[in-house]
Amino acid sequence: MRKPFEFKQFIIHQESVSLPVNTDSVLFGALTEFKNPTNIYDMGTGTGLLMFMMSQKYPNSNIIGFENDHNSLSYVKQNISSNPSFSNINVEPFNWWHMQPDTPAQAIICNPPFFYNQLSSTDTQRSVSRHLNEHDLFYLMERMSQWLAQEGEIAFLLPFEQDVYADYEKALNKSQVYIDRAIKIKAHPEKDAHLWYILSKKSKTKSGRAIIQDLTVYKKPGGPFTNEAKHLLRPFLQDRAIK
């Protein structure tokens, strides 16, 4: 059974969740910079990690996490109760394919709990959490883009697959959502990129070419963190965790 994960300003209980706190998800929250939205949706909130990170960054925003797994729902409710100073967050059950929010979002953050084109896990719950096929991922991106208010922003952490960036872009463009910034993330210099960070904006017209950058998390296999990663993680992780 896993121990709770203690951040500088909040604690995440995760004893038996299928997808616990990991460096990629914390980096995702640290990278995401919205333009002071009044409301934020965290789609597939899991333990609520990204909700708490967004609340730390945007204490005046109304933040709602949506989760379809009953076990994860119980943990995120526990985490909300365990962190009473974070009074601007709430969680609601939802279905990925049938949800239609009552109020458009000024910002959406989503770490889709699956990676397409990979072998299914033998653990049923983990398999459900991590695996949908390629078509479902692009369709889900398109649907979530439709939930944005005009000029709203949406951030995704997505699998890095060769030549798939254009497909991500196409799925977003169907809802007049255009990529502003994209980051290729790799674990250390000897590894290939494994994730795309993508920040997009809903607009009537495309503003120009997206900025594409690179981020390396560790200086070598097993650590330590690169200076850029340390800078991103320092507001959230305990000092002892940033080596």
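Values in this document were obtained by computation on a predicted structure and should not be read as measured data.

Criteria and cut-off values
Residues numbered from 1 in each chain as written. Predicted model: local features only at pLDDT ≥ 70, side-chain atom pairs only at ≥ 80, totals over all residues. Heavy atoms only, no water. Pairing = 2+ DSSP bridges. Helix = DSSP H or I, 4+ residues; strand = E, 2+ residues; numbered from the N terminus. Axes fitted to C-alpha atoms, helices over the stretch in contact; angles between N-to-C directions. Contact = heavy atoms within 4.5 Å. Buried < 20%, exposed > 50% of the residue type's maximum accessible area, 1.4 Å probe, protein only. Arc of directions from axis to C-beta. Parallel < 35°, antiparallel > 145°, perpendicular 65-115°, else oblique. Left-handed = near helix turned anticlockwise from the far one by under 90°.

Brief notes about the sheet that holds strand β6 (residues 105-110)
With mixed pairing, eight strands are arranged side by side in an open sheet as β5-β4-β3-β6-β7-β9-β8-β10. If you trace the sheet from one side to the other, it starts and ends with β5 (89-93) and β10 (211-216), each paired once. Averaged over all pairs of adjacent strands, the angle between their axes in this sheet comes to 20 degrees, without regard to strand direction. Pairing of strand β8 (residues 177-186) with strand β9 (residues 195-202) involves eight bridges; the strand directions are antiparallel. Considered in β9, the bridge of K184 is made with W196. On the sheet, helix α3 (residues 70-82) packs against β4 (62-67) and β5 and is oriented at approximately 165 degrees with respect to β5. Strands in contact with helix α6 (residues 165-173) are β7 (148-159), β8, β9 and β10; relative to β8, the strand with the most contacts, it is inclined by about 150 degrees.

What to know about α6
Turning to α6, its buried residues number three or more, namely Y165, Y168, A171 and L172. Seen end-on, α6 carries its buried residues on one side only, within an arc spanning 125 degrees.

A look at the pairing of β7
Look at any regular strand and the pattern is simple: side chains alternate between the two faces of the sheet. Within β7, 10 of the 12 residues are buried, leaving the element largely enclosed by the surrounding structure. In this structure, β6 lies alongside β7, joined through five bridges in parallel fashion. Bridge assignment links A105 to a residue of β7, and that residue is L148. Pairing of β7 with β9, which is carried by seven bridges, proceeds in the antiparallel orientation. Looking at the pairing, L158 lines up with W196 of β9.

As for unusual backbone geometry
Residue P224 is reached from G223 by a cis peptide bond, and omega for that bond is 5 degrees. By the element assignment, P224 lies in the loop between β10 and α7 (227-233). Non-glycine residue N36 carries a positive phi angle of around 45 degrees. Mapped onto the secondary structure, N36 falls in the loop between α1 (23-31) and β3 (39-43). Its identity is not glycine, yet E151 carries a phi of approximately 70 degrees, on the positive side. For E151, a relative accessible area of 42% corresponds to the partly exposed category.

A word on the packing of α1 against helix α2 (residues 49-57)
At a minimum axis separation of 9 Å, α1 and α2 run at an interaxial angle of 30 degrees. Between α1 and α2, the interaxial angle falls into the category roughly parallel. The interaxial crossing formed by α1 with α2 has right-handed handedness. Residues S25, V26, F28, G29, A30 and L31 of α1 lie in contact with α2, whose contacting residues are L49, L50, M53, M54 and K57.

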